[in-house]
Amino acid sequence: MMQPKLTSKVRATDREIGEVSKVIVDPLSHEISHIVVSMNGNGERQVPMTFVQAVTDDLVELRAAAGDILELPPFKRDDYVTTHEVEIAHLEDKIHVTPGEVLVPFPELEKSVKRRTFFMNFTHVIGFLIGLPIAFPVLRYLMKPMYSPFDNGWLKIGNVSKIKQDDIGFQFKYKRKVKEAYMPESEIEKNVWVLKVTPAVQEKIYQGKDMEFKDASGKTVWTNKKDFPYVAYSGKCPHLGCGYKWRQHKVLGQVFLCPCHLSIYDASGKVLDGPAPRALDSLPIRVSATGEVEIIDMEFKAGTKSQIRII
Ligand code: FES
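Residues numbered from 1 in each chain as written. Predicted model: local features only at pLDDT ≥ 70, side-chain atom pairs only at ≥ 80, totals over all residues. Heavy atoms only, no water.

Asks: Explain the pattern of salt bridges to me, and be specific about the residues and the numbers.
Replies: Close approach of charged atoms lets side chains of opposite charge pair. Counted by the stated rule, this structure contains 15 salt bridges. Lys 236 serves as the salt-bridge partner of Glu 299, at 3.5 Å between the closest nitrogen and oxygen. Taken together, the positions of Glu 299 in the segment after strand S21 (292-296) and Lys 236 in the loop between strand S14 (230-234) and strand S15 (245-249) put the pair 63 residues apart, joining distant regions of the chain. On the basis of relative accessibility, which here comes to 11%, the residue Glu 299 falls in the buried class. Judged by relative accessible area, Lys 236 falls into the partly exposed class, the value being 35%. Counted as one network, the salt bridges with shared partners bring together Asp 151, Arg 176, Lys 190, Lys 236, Asp 297 and Glu 299. (Salt bridge = Lys/Arg side-chain N within 4 Å of Asp/Glu carboxyl O. Helix = DSSP H or I, 4+ residues; strand = E, 2+ residues; numbered from the N terminus. Buried < 20%, exposed > 50% of the residue type's maximum accessible area, 1.4 Å probe, protein only.)

Asks: A description of the state of the cysteines should follow, citing residues and the corresponding values.
Replies: Tallied over the entire structure, the rule returns one disulfide. Put simply, Cys 242 and Cys 260 are joined by a disulfide, and their sulfur atoms are 1.9 Å apart. With the S-S bond torsion at -90°, the cross-link from Cys 242 to Cys 260 turns out left-handed. Here the residue Cys 242 occupies a position in the loop between S14 and S15, and Cys 260 occupies one in the loop between strand S16 (253-257) and strand S17 (264-265), the gap between them amounting to 18 residues. A single burial state applies to Cys 242 and to Cys 260, both of which are buried. (Disulfide = S-S within 2.5 Å.)

Asks: Just give me the short version of the packing of aromatic side chains, but keep the residues and values in it.
Replies: With the rule as written, the count across this model stands at nine aromatic pairs. Between Trp 246 and Phe 256, the aromatic rings sit 4.6 Å apart at their centres with planes inclined by 65°, giving edge-to-face as the arrangement. With Trp 246 in strand S15 and Phe 256 in strand S16, the pair connects residues that are 10 residues apart, well separated along the chain. For the pair Trp 246 and Phe 256, one class covers both residues: buried. (Phe/Tyr/Trp six-rings, centres within 6.5 Å; stacked < 30°, edge-to-face > 60°.)

Asks: Just give me the short version of the side chain of Asn 152, but keep the residues and values in it.
Replies: Looking at where Asn 152 falls in the secondary structure, it is placed in the loop between helix H3 (115-142) and strand S9 (154-159). Of note is the side chain of Asn 152, whose polar atom sits 2.8 Å from the side chain of Arg 309. Those residues in contact with Asn 152 that lie beyond four places of it in its chain are Asp 215, Val 221, Ile 296, Met 298 and Arg 309. (Polar contact = N/O pair within 3.5 Å; in protein donor to acceptor, adjacent residues only side chain to side chain. Contact = heavy atoms within 4.5 Å.)

The following block contains the structure:
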């Protein structure tokens, strides 16, 4: 079947009811899930693709009567973002409706925050990350005499008993003290995702090799053994550093989804979709005899294919 186009006329079984004003795309499957129909002055309705009988060049025919379509809930613009607001170019390439509004559902998990706040946070992140590559060498230069190598201390983040199921992402939050030259010491809140992994996922992560972590000087500070059943991923998306979440998807199953530009990762951290340039960043992890999970908090440069440690 052809894809519905913006401004195509929409006809119910009994009469013409309006035109396509937007299309809604499922960010995971890349399929159009709904069309939004502007109802000739009766507001907009969000019509599932299952209602669509046929699509021709400039007409969308529905298998329901005009009355049934009017009964559908009105379209709520706030539940969606356009693919321009968040750069999801790969979706627009797939969906042949340019120019105009291609929408994707506003991430479920972010719905509790207001749209404005969400985008304000987003801008903030971008500003920060654009600033970072310039600021970092300068800061490092200025601080040279007192610049110390990376902090490779272990941080306790919680007990392993909190993880109830294998291959399921569990988020641990922790605080880290930061001390910049000339600035008072402060604390920032951070998080990591920890999974107890089955051998199949373990194999995908390690591919038969232990994972080494290095100091600024290139010296190995820790090795995650390939048969150790726990993994920790840095809470920052390797694309541009947003926080991501563990979500259920009806086709892909359980995945990590980053709401900023919709990068998707599986339990092994592998990129399944979206603009992320590399897999999720694994961190050094160990578990004490009493089940205390400890990590070394490392950060890697966002947006690069290879992993470049910055903290
Ligand atoms: S920050 Fe862009 S996809 Fe995560």
